Amino acid sequence: MAVVKRNCIHCGATFDSKNSRGVYCSAACKSQHHRIRKVTERRVVVGRLEVVFRDVNPNTTQEMLEQMVHDALTPEILKVIHSDKPIQLGESHA
Ligand SMILES: [Zn+2]
């Protein structure tokens, strides 16, 4: 089986990978990288809508993220996510 030289996506160290999908040099790097991902993940919940932001800069406040989500929502989407009826977009109000 071919051994490939790769760079760890967490620490940048070169390592021999027997598995072409290996991206970490060690199990420690893998778990550390996953932990950091979790820390930089933030959620904004608006009604029934949940938005997950990944790799958020620590200086970004929750308020800034909420504002960004609110600015992106149209009145029609707001009505749907705050309604308690089953979600159905493009519904005609006949
Ligand atoms: Zn590493």
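The rules behind each value
Residues numbered from 1 in each chain as written. Predicted model: local features only at pLDDT ≥ 70, side-chain atom pairs only at ≥ 80, totals over all residues. Heavy atoms only, no water. Helix = DSSP H or I, 4+ residues; strand = E, 2+ residues; numbered from the N terminus. Buried < 20%, exposed > 50% of the residue type's maximum accessible area, 1.4 Å probe, protein only. Contact = heavy atoms within 4.5 Å. Areas by Shrake-Rupley, 256 points an atom, 1.4 Å probe, with all protein chains shown as cover. Lys, Arg positive; Asp, Glu negative; His and termini not counted. Charge placed at Lys NZ, Arg CZ, Asp CG, Glu CD. Core = buried A, V, L, I, M, F, W, Y, C linked by side-chain atoms within 4.5 Å. Pairing = 2+ DSSP bridges. Donors = N, O, S within 2.8 Å, 3.2 Å for Na, K, Ca; no water. Tetrahedral: all angles 85-135°; square planar, octahedral: opposite > 155°, others 65-115°.

Visitor: If you had to explain the overall build of the chain to someone new, which residues and values would you point to?
Guide: When helices and strands are counted, the chain shows three helices and four strands. If you list the helices and strands of the chain from N to C, you get β-β-α-β-β-α-α. Projecting the C-alpha coordinates of the chain onto the three principal axes gives extents of approximately 65 × 35 × 20 Å. Expressed as a percentage of the 94 residues in the chain, the buried residues total 21%. Put simply, of all contacts in the chain between residues at least 6 apart along the chain, 18% involve residues at least 24 apart. Of the roughly 7,400 Å² that the chain leaves accessible, carbon and sulfur atoms contribute 54%. Counting 14 positive and 10 negative side-chain charges, the chain places the averaged centre of each group 13 Å from the other.

Visitor: Just give me the short version of the nonpolar core, but keep the residues and values in it.
Guide: One broad rule of soluble globular proteins: the nonpolar side chains tend to lie buried together. Grouped together as the largest cluster of nonpolar side chains are eight residues: V44, V46, F53, V56, L65, V69, L73 and I81. When residues of this core are traced back to their parent elements, those giving at least two are β3 (42–46) and α2 (62–72). In this structure L65 touches R42, V44, F53, V56 and T60, once residues within four positions along its chain are discounted.

Visitor: Give me the lowdown on the pairing of β3, citing residues and values where you can.
Guide: Only one face of β3 is buried, namely the one carrying R42, V44 and V46, since none of R43 and V45 on the opposite face is buried. The pairing of β3 with strand β4 (residues 49–53) spans five bridges and is classified as antiparallel. Within β4, the position partnered with V46 by the bridge is L49. Counting the residues in the hairpin turn of β3 and β4 gives two residues, including G47, whose phi is positive at 55 degrees.

Visitor: Account for the coordination of the zinc ion, naming residues and giving values.
Guide: Octahedral metal centres with six donors ideally show angles of 90 or 180 degrees, and tetrahedral centres with four donors ideally show 109.5 degrees. Taken together, the protein ligands of the zinc ion are C8 (SG), C11 (SG), C25 (SG) and C29 (SG), with distances of 2.3 to 2.4 Å. Classification of the site at the zinc ion rests on its four donor atoms, whose angles at the metal span 106 to 112 degrees, yielding the label tetrahedral. Look at where the donors of the zinc ion fall in the sequence and you get C-x2-C-x13-C-x3-C. Residue C11 is located in the loop between β1 (4–7) and β2 (14–17), and its partner C25 is located in the loop between β2 and α1 (27–39); the two are separated by 14 residues in the primary sequence. For C11, a relative accessible area of 46% translates into the label partly exposed. Given a relative accessible area of 32%, C25 falls into the partly exposed group.

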